Amino acid sequence: MLSTTAQQCPYAEGADAADAADAARARRDGAGQDETGQDGPTLSFDRNTPYVDYTGIDTLLGLQRPRTDEPAESSFIIATQVMELLFALVQERWEAARDALEADDVPGALAWLRRACNAQDVLKDSWGLLADMTPTEFNRFRDSFGEASGFQSYGYRKLEFLLGNKSAAMIRPHKAMSGVVDQLTALLERPSLYDAALRLLHRRGLPVPDDRAERDWTRPYEPSAAVEKAWEAVYSDDRPGNDLFLLAEALLDVAERVTGWRHRHLVAVKRTMGGKTGSGGSNGLTWLARNAEQDVFPELWSLRSTI
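Parameters and conventions
- Here the residue index of a chain counts from 1 through its sequence in written order.
- The predicted origin of the model limits local features to residues at a pLDDT of at least 70 and limits the giving and counting of side-chain atom pairs to 80 or more, whereas totals for whole chains, interfaces and linings rest on all residues.
- Side-chain figures throughout are based on the complete set of non-hydrogen atoms in the structure, without hydrogens or water.
- Comment: elements are numbered from the N terminus, with helices defined as DSSP H or I runs of at least four residues and strands as E runs of at least two.
- An expected span of 1.5 Å times one less than the residue number is assigned to each helix.
- Contacts described as polar in this section are N or O atom pairs within 3.5 Å, which, within protein, must combine one atom able to donate a hydrogen with one able to accept it, while residues neighboring in sequence count only if both atoms come from side chains.
- For this analysis, a ring pair means two rings from Phe, Tyr or Trp (six-membered ring only for Trp) whose centres lie within 6.5 Å, classed as stacked if their planes differ by under 30 degrees, edge-to-face if by over 60, and tilted for the remaining angles.
- The rule is simple: take the accessible area with a 1.4 Å probe, protein chains only, and divide by the maximum for that residue type; under 20% is buried, over 50% is exposed, in between is partly exposed.
- Criterion for a charge above a ring: Lys NZ or Arg CZ within 6 Å of the ring centre, and within 35 degrees of the ring normal.

## Re helix 12 (residues 243–273)
Next up, step 1: With 31 residues, helix 12 should reach 45 Å at 1.5 Å per residue; the first-to-last C-alpha distance of 45 Å fits that figure.
Next up, step 2: The opening residue of helix 12 is asparagine 242, an N-cap whose side-chain oxygen sits 3.1 Å from the backbone nitrogen of leucine 244.
Next up, step 3: Positioned one or two residues after helix 12, glycine 274 has a phi angle of 60 degrees, which is positive.

Take a look at the structure:
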């Protein structure tokens, strides 16, 4: 007969922890009653509210430090900070998808790519925070941030590396930030999200060349006619049960959103400063237009002209 004593039950420790959590929630629920015994929110705390402590709201709101009296500068700072937070979230999800592909876990990768697309939608829409900024408003605070430029965003650079747009030179702006250099170098030297997908196709027997399954990951990805043929083979079976077909379409969802974000960036800059030289020294519109025209996961786009 199996013993039911707590000492011998392998699940006892987990059960005790769950019971303790339930009891703590019950105490919190009871603490929310008002003088008449009716349920309501807890209104009395001896220190910062748990919400403020958990989310770091005081710190977060203290990070908006405009350098001029121009109201539009606050919108500019907040929009930039929102995007940086979303860069980090998208990075986390793309890395999880890449790692799932490397582990032959296509369902897991698809789940992470879907979550990434949700974050990318918010990221693209965040340009709306700057949609009504006029050139005169921008001019009144532009000089206050000197050479600061989105081109220097290491959060955005991590995303570009994950997409396969590798460049060791793009790490140089951050050379004084050793931790950032280490993070970017790690992404530079590992397969990108797209590389991981191609390696999966290669393991599944699709005609992805050997030199695409194993290569110098620090080099930028270059389109390949052979890779396009491999994806064409995937698209020849578009049944819902073909996980590689679902992966191809999920990657294209990611790519489309990247292009959409880049285009919104281009339009925002064009609207607020036109063709002026960017604060970081680049020809702003020219560089952004070239970036917006660059296909993400190129063979997934080019094959559409041949299928």
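## Describing the packing of aromatic side chains
Next up, step 1: Applying the stated criterion to the full structure yields 15 aromatic pairs.
Next up, step 2: The interplanar angle of 90 degrees and the centroid separation of 5.3 Å between the aromatic rings of phenylalanine 138 and phenylalanine 141 together place this pair among those described as edge-to-face. Of this pair, phenylalanine 138 and phenylalanine 141 both sit in helix 6 (residues 135–142), 3 residues apart, which is roughly one turn of the helix.
Next up, step 3: With relative accessibility at 5%, the residue phenylalanine 138 sits in the buried group.
Next up, step 4: Cluster of aromatic residues (ring-pair linked, three or more members): Phe76, Phe138, Phe141 and Phe145.
Next up, step 5: The side chain of arginine 115 reaches across the aromatic face of tryptophan 112, ending 4.9 Å from its centre.
Next up, step 6: Above the face of the phenylalanine 151 ring, arginine 157 is positioned so that its terminal group lies 5.5 Å from the ring centre.

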